Each structure stands twice: as C-alpha cells, then as structure tokens.
Amino acid sequence: MAHSLGGVYALHLADQLKGRVLGAVTLSTPYGGSQGATVAQILLPMYNPQLMRDIQPNSGPISQGHAIKLHCPWTNIVTISGNSSLMMAANDGVVTEASMRYRAADMRLVDVEANHYEIVMSYEALEVIREALKEAA
C-alpha cells in the first residue's frame, strides 16, 4: 500500500521484487505526474525540493515508471473530491484525476469520494484494501 508519490515509488519497488509481490493498492497516486509541481517548485522552493522534482511528468520516477510492466494485481484508488482552483483539470486538491487514471489499461481503478488527504482515513478505501488482500491470498 502506498499513498500519492509513494505509489510511484512502490511501482519501482514491485518491479525490483518481481515474483515476491502479491498485489498492491495505491491511493491518489499521480502515475502521469503533476504539471503543478513544476510551478510549485518555483513558487515554493523551500517545500521538499526532491518531492517536487520526482513528481514532475518528465522526472525519472514518473517517466521510467511508464515502462514498468505490472506482474501482480494492482488497484489505484482515484480520489474524486476536493479541488484546487490552481489546477485547470478535475483534481482532488493535489493530483489531477487524469494523472491518477494514467495507467487505466493495466490496473484496476476505484473512484472514492474523498480528497487527497481524507483518503488515508476513508472507510471506503479500507474496504477496497480488504478486497485486494482477499484476492491476493
């Protein structure tokens, strides 16, 4: 399980551990990267510069992640509530829905009414995780 950019890092880890990962559930993960991070890096240079670099659409973790083939069942919970007026597309307050749906062809997507931060306390997300655990067992 991983949240946000941690889901991209989990994708890389699962690739390194092929055959030993039974499945994954990620929450609000921007598989397509974030255009807003480019602007945020300029406007908020004190805010975790490594995170801002890693989440940009052309960063190593994001672009290399596009080439990773999944070797286990993978679910991404797409958070569909919240909204930042700084982003021009539907978003959860931090990540666009389009970025969370970037890998729709090779992973299961589940929409949950929560914002980027509420999802980690969501009972609906917990049920999705429980279901994924049952499937992996």
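Shown above is the structure to which this text applies.
Everything numeric in this text was worked out from a predicted model, so none of it was measured. (Residues numbered from 1 in each chain as written. Predicted model: local features only at pLDDT ≥ 70, side-chain atom pairs only at ≥ 80, totals over all residues. Heavy atoms only, no water.)

Strands belonging to one sheet form pairs held by backbone hydrogen bonds; the direction of such a pair is parallel or antiparallel. Here we have four strands laid out as an open sheet, ordered β1-β2-β3-β4, and parallel in their pairing. At either end of the open sheet lies a strand with only one pairing partner, and these are β1 (2-3) and β4 (108-112). Across five bridges, strand β3 (residues 74-79) lies against β4 in parallel orientation. Within β4, the residue paired with Asn 76 across the bridge is Leu 109. Packed on one face of the sheet, helix α6 (residues 123-136) meets β2 (24-27), β3 and β4 and runs near 160 degrees to β4. (Pairing = 2+ DSSP bridges. Helix = DSSP H or I, 4+ residues; strand = E, 2+ residues; numbered from the N terminus. Contact = heavy atoms within 4.5 Å. Axes fitted to C-alpha atoms, helices over the stretch in contact; angles between N-to-C directions.)

Okay, unusual backbone geometry next. The residue Ser 4 is not glycine, and still its phi comes out positive at about 60 degrees. One can find Ser 4 in the loop between β1 and α1 (5-16). Classification of Ser 4 as buried rests on a relative accessible area of 13%. Not every positive phi belongs to a glycine, and Ser 28 is a case in point at roughly 55 degrees. (Buried < 20%, exposed > 50% of the residue type's maximum accessible area, 1.4 Å probe, protein only.)

With that out of the way, let us pick up the side chain of Asp 92. Inspection of the secondary structure puts Asp 92 in the loop between β3 and α5 (97-100). Among buried charged residues, Asp 92 stands out as having no salt bridge; its nearest opposite-charge side chain is Arg 101, 10 Å away. At 2.9 Å, the side chain of Asp 92 forms a polar contact with the backbone nitrogen of Val 94. A polar contact of 2.9 Å, which involves the side chain of Asp 92, links it to the side chain of His 116. Those residues within four positions of Asp 92 in sequence are excluded, and the remaining contacts are Ser 28, Thr 79, Ser 81, Gly 82, Asn 83, Met 100, Asn 115 and His 116. (Lys, Arg positive; Asp, Glu negative; His and termini not counted. Salt bridge = Lys/Arg side-chain N within 4 Å of Asp/Glu carboxyl O. Polar contact = N/O pair within 3.5 Å; in protein donor to acceptor, adjacent residues only side chain to side chain.)

Moving on: the environment of Arg 20. Looking at the element boundaries, Arg 20 is found in the loop between α1 and β2. Put simply, Arg 20 and Cys 72 are 52 residues apart on the chain and 9.3 Å apart in space, counted from C-alpha to C-alpha.

This part is about a nonpolar patch on the surface. On the surface, a cluster of nonpolar side chains totalling about 680 Å² of accessible area is made up of Val 39, Ile 42, Leu 43, Leu 44, Met 46 and Tyr 47. Tracing the chain through its elements places Leu 43 in helix α2 (residues 35-43). (Patch = residues over 30% accessible without salt bridge, like charges linked within 9 Å, V, L, I, M, F, W, Y side chains within 5 Å. Areas by Shrake-Rupley, 256 points an atom, 1.4 Å probe, with all protein chains shown as cover.)

Attention shifts here to α6. For α6, built from 14 residues, the straight-helix expectation of 20 Å at 1.5 Å per residue is met to within 8% by its first-to-last C-alpha distance of 20 Å. Of the residues making up α6, those classed as buried are Ala 125, Val 128, Ile 129 and Ala 132. When α6 is viewed along its axis, its buried side chains cluster within an angular range of 100 degrees and face the same direction. Exposed residues lying more than 90 degrees from the buried face of α6 are Tyr 123, Leu 133 and Lys 134. Of the surrounding secondary structure, the elements contacted by the buried residues of α6 are β2, β3 and β4. (Expected span 1.5 Å × (residues − 1). Arc of directions from axis to C-beta.)

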